[in-house]
Amino acid sequence: MFTRLLVRDLLIAGTVVAAWWLAAPLSAGSGPLADLSGALLGIGAFVVAHLAHEWGHLLGGLSTGSRVAAPARLTSPFLFSFDSQRNSQRQFVIMSLSGFAVTGLALYVVYGLLPEPQLATRVARGLVVFGASLTLFLEVPLLAISLLRGSILSNVEVFPAREG
């Protein structure tokens, strides 16, 4: 399933990059077309940043041999579920920090590489900062509590492991 998810996400990212290349200059202007292209491309960039964040978590977990479960369907909003019962605190920390590192990279991309005068850039920046804020307020506390307790919080799974 992870191969299928990777193909799905690479297709999404490729589509957003191609659309950005073709339409982002339109968002430097004014009027409905500029507004629409800027909003849609900024949202697309946020989706790609979010998917990259999740892949960072997954690759960090897999790099330590963590037990993870794939979703049953490609339409799942979650890329994987981390098994809090079978993985160590070290694996949880590395899995967590890997996603955070990719979010840092996404912030660098939207602030350091995207063209300044385009509405698409400003929308992308705002949404990636929003995503980073969610990470800061939702995920960092889970990591901090885990470190303070000396163990992973139970039930951090987002869906149960599939049987079979």
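So, how was this worked out
Residues numbered from 1 in each chain as written. Predicted model: local features only at pLDDT ≥ 70, side-chain atom pairs only at ≥ 80, totals over all residues. Heavy atoms only, no water. 1 Å grid on protein atoms, 1.4 Å probe; cavity = no way out; pocket = protein on both sides within 12 Å on 5 of 7 lines; lining within 4 Å. Points joined across faces, edges and corners; volume = space filled by probe spheres on them. Helix = DSSP H or I, 4+ residues; strand = E, 2+ residues; numbered from the N terminus. Nonpolar A, V, L, I, M, F, W, Y, C, P; charged D, E, K, R; others polar. Axes fitted to C-alpha atoms, helices over the stretch in contact; angles between N-to-C directions. Left-handed = near helix turned anticlockwise from the far one by under 90°. Contact = heavy atoms within 4.5 Å. Buried < 20%, exposed > 50% of the residue type's maximum accessible area, 1.4 Å probe, protein only.

A. Structural view of the layout of surface pockets. Of the volumes computed, that of the largest pocket is approximately 670 Å³. Every element with two or more residues in the lining of the largest pocket is listed here: helix H2 (32–63), strand S2 (81–82), helix H3 (89–113) and helix H4 (119–149). Tallying contributions element by element places H4 first for the lining of the largest pocket, with nine residues. Tallied by class, the residues present in the lining of the largest pocket amount to 19 nonpolar, eight polar and three charged.

B. Representation of the packing of H2 against H4 within the structure. The interhelical angle for the contact between H2 and H4, taken along N-to-C directions, is 35°, at an axis separation of 7 Å. As H2 packs across H4, the resulting crossing turns out to be right-handed. Its residues placed into classes, the contact of H2 with H4 shows 13 nonpolar, six polar and three charged.

C. Fine view of the side chain of His57. Within the fold, His57 resides in helix H2. If near-sequence neighbours (up to four positions away) are discounted, His57 is found in contact with Phe80, Met95, Ser96, Ser98, Gly99, Phe100 and Glu139.

D. The environment of Ser81, seen in detail. In this fold, Ser81 is placed in strand S2. The buried category is assigned to Ser81, whose relative accessible area is 3%. Placed 48 residues apart in sequence, Ser81 and Val129 show a C-alpha to C-alpha distance of 24 Å. Excluding residues that lie within four positions of it along the chain, Ser81 makes contacts with Arg67, Val68, Ala69, Glu157, Val158 and Phe159.

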